[in-house]
Amino acid sequence: MDRIYLCLAHMSGKEQDFIKEAFDTNWVVPMGPNVNAFEKDLEHFVNSSYNVQRTTSNEKRVVCLSAGTAAVHLALLACGVGPGDEVLVQSFTFCASSHPITYLGATPVFIDSERESWNMDPDLLEEAIKDRIAKTGKTPKAIIPVALYGMPYRIDRIMEIADRYGIPVIEDAAEGLGSRFNGQVLGTFGKYGVLSFNGNKMITTSGGGALICDDEKDKNEILFYATQARESYPYYQHEHIGYNYRMSNICAGIGRGQMTVIDDHIAHHKHVQDLYCELLKDVKGITMHTNPTLADYPDNVQRPTSNATFDSNFWLCTCTLDPDLKVKGQENAYKEVVTGAVGGAAGVTHAASTAVTDCQPNANVEAMRVALDAANIEARPLWKPMHKQPVYRDAPAYVNGVSESLFAVGLCLPAGPYVTDDHVRYIVDAIKAAIA
Ligand SMILES: *Cc1c(COP(=O)(O)O)cnc(C)c1O
């Protein structure tokens, strides 16, 4: 069996036509016809999802950028975030949600998750807003919920709270392209929406990202900062600091090809999720993370409105291991320092100095990862919460223990277009075989 990866890029075949066109017309620069057309495709994709029909004048606009991280950075800049400011961000996320806050000299304030969606806990969010205002005398400048592994956040309540305090929401939908809450795609609820087209995401441009914004005026402002903040003089005139964040016309060609298969990709991720659920339902001690329903929310919290629906794209399929589950070899977990990049993760160049840290997945989770790895299956722990990352040790955090406890028990399983039904059966068999 060839190695089964977490999420591999998958081409439609049309990408090369668009790239060839870029070469033939000599548009090998960070702008051009492919960039404009890819933006139009994305605008069509996000604007066709509204429950209430939007008119041309209030349709969302999309700016293509060199990375999702750049999109987070520019959204924060557009929200006026600067030195000394605070930004409320989901702690259970990939570092690209929070690192750009620090690029601007601001401080991330981490918000823990609710157990149902694994995403930003709205009650904790409101508690944090009140406490930051009381402690600093200033209102936080932005709120960043994250669609972890594609799962929608409670955007109904987050928007209601954000609007009440007048704080803009930047949706980090980098992992949630095409996920929907109440039928509407993520990234279109807040002031800004972040998308990523990195090599492992729902669609790819090799590397790239986009920012969804409200209108042409906001789009122009983002474009201005994404292209070195040039004023319209015949010579270079600069009155602001800008960035070189525009998407290349070559990458956008890949993106145009990918847009022809985006619906198929999303459908396939959901299919793989369903198959895992079916094949693992009788395996004791292993629980798949699924779309929450109303019944999952206890009575003592403000539940989603009665018709609320979570519709994850299941970018990655994730499960949790009961702490009592015995996995073969778990007594040897964490005995050795990991020397290579785990699972071939690109860009990991710092060798670990210790085999353990003070916050890590349980031994049975690590043993399961190692067992799957030996069966040529890439699995990875859930993202380690940012409030437990040494680099953020001084950042304020509002925690309830949820993300830390999920990190201890969770595992990401392969998903995506290359994962066949036979692969899923093979992976589930390998999981069963690893149980002691
Ligand atoms: C991938 C990702 C990003 C950023 O995307 P890049 O295109 O890799 O810069 C941002 N937030 C989250 C949660 C992500 O997973």
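Shown above is the structure to which this text applies.
Bear in mind the structure is a predicted one, so any value in this text is a computation, not a measurement. All residue numbers refer to positions counted from 1 along the written sequence of the respective chain. Thresholds applied to this predicted model are a pLDDT of at least 70 for local features of residues and 80 or more for the giving and counting of side-chain atom pairs; totals over whole chains, interfaces and linings are not thresholded and use all residues. Only hydrogens and water are set aside when side-chain values are computed; all heavy atoms of the structure are taken into account.

### Topic: the layout of surface pockets
A cavity, in this analysis, means grid points on a 1 Å lattice covering only the protein atoms where a 1.4 Å probe fits yet has no way out; a pocket is instead an open set bounded by protein on both sides within 12 Å along at least five of seven lines, and a residue lines either one if it has an atom within 4 Å of a point. Grid points are joined across faces, edges and corners, and a volume is the space filled by probe spheres set on the points. For the second largest pocket, the calculated volume is near 290 Å³. Forming the walls of the second largest pocket are 13 residues, and the residues nearest its centre are Pro30, Met31, Thr227, Arg230 and Arg246. By definition, any uninterrupted DSSP run of H or I lasting at least four residues is a helix, any uninterrupted run of E lasting at least two residues is a strand, and each is numbered from the N terminus. Those elements that place two or more of their residues in the lining of the second largest pocket are helix H2 (33-47) and helix H7 (216-226). For the lining of the second largest pocket, the class distribution of residues is seven nonpolar, four polar and two charged. Polar here means any residue outside two lists: the nonpolar Ala, Val, Leu, Ile, Met, Phe, Trp, Tyr, Cys and Pro, and the charged Asp, Glu, Lys and Arg; Gly therefore counts as polar.

### Re the pattern of salt bridges
For salt bridges, the criterion is a side-chain nitrogen of Lys or Arg within 4 Å of an Asp or Glu carboxyl oxygen. Counted according to the given criterion, the structure contains 24 salt bridges. The closest approach of N and O atoms between Glu43 and Arg61, which form a salt bridge, is 3.5 Å. Pair noted here: Glu43 is in helix H2 and Arg61 is in strand S1 (residues 61-65), with a separation of 18 residues, a long-range link. Taken individually, Glu43 and Arg61 each receive the classification buried, so the pair is uniform in this respect. Think of it in three bands: with a 1.4 Å probe and only protein chains considered, a residue is buried below 20% of the maximum accessible area for its type, exposed above 50%, and partly exposed in between.

### Here we look at the sheet that holds strand S3 (residues 107-111)
In short, DSSP must find at least two bridges between two strands for them to pair. One open sheet accounts for four strands, arranged S4-S2-S3-S14; its pairing is parallel. Edge positions in the sheet fall to strand S4 (142-144) and strand S14 (397-398), since each has one partner strand and no second. Pairing geometry for S3 and S14, over two bridges, is parallel. Paired with Phe110 across the bridge in S14 is Ala397.

### Describing empty space enclosed by the protein
According to the stated counting rule, one finds one cavity of 30 Å³ or more in the structure shown. Looking at the largest cavity, the residues that line it are Leu148, Tyr149, Met151, His289, Ser312, Phe314, Leu316 and Thr318. Of the residues that constitute the lining of the largest cavity, the class distribution is five nonpolar, three polar and no charged.

### Considering a nonpolar patch on the surface
A surface patch of nonpolar side chains, about 280 Å² in accessible area, is lined by Tyr5, Leu8 and Tyr418. A relative accessible area of 43% means that Tyr418 is categorised as partly exposed. Patches here are clusters of residues that have more than 30% relative accessible area and form no salt bridge, with a 9 Å joining cutoff for like charges and a 5 Å cutoff for nonpolar side chains (Val, Leu, Ile, Met, Phe, Trp, Tyr). With residues, only the protein chains shown are counted as cover, and all accessible areas are computed by Shrake-Rupley using a 1.4 Å probe.

### Describing the site of the ligand
Among the 15 residues in the neighbourhood of the ligand, the closest are listed as Thr69, Asp172, Glu175, Ser196 and Lys201. Note that an oxygen atom of the ligand is positioned 2.7 Å from one of the side-chain N or O atoms of Ser196. For the ligand, the protein covers 94% of the area, taking 380 Å² as the surface of the free molecule. A class-by-class count of the residues in the shell around the ligand yields five nonpolar, seven polar and three charged. The cutoff for a nearby residue is simple: one of its non-hydrogen atoms must lie within 4 Å of the molecule or strand. Think of a polar contact as two N or O atoms within 3.5 Å of one another; within protein, one of them needs to be a possible hydrogen donor and the other a possible acceptor, and neighboring residues in sequence only count if both atoms come from side chains.

### Comments concerning the nonpolar core
For this analysis, a nonpolar core means a set of buried residues of the types Ala, Val, Leu, Ile, Met, Phe, Trp, Tyr and Cys, connected via side-chain atoms within 4.5 Å. Leu76 and Ile143 are the most contacted members of the largest nonpolar core, which totals 94 residues. Top element by residues in this core is helix H3 (residues 68-78). It accounts for six residues. Contacts between residues were defined by any pair of non-hydrogen atoms, one from each residue, lying within 4.5 Å. In contact with Leu76, not counting residues within four places along its chain, are Val81, Val87, Pro100, Ile101, Leu104, Ala142, Ile144 and Ile170. Grouped together as the second largest cluster of nonpolar side chains are 30 residues, Leu280, Met288, Val419 and Val424 included.

Nothing here speaks to function; it is geometry throughout.
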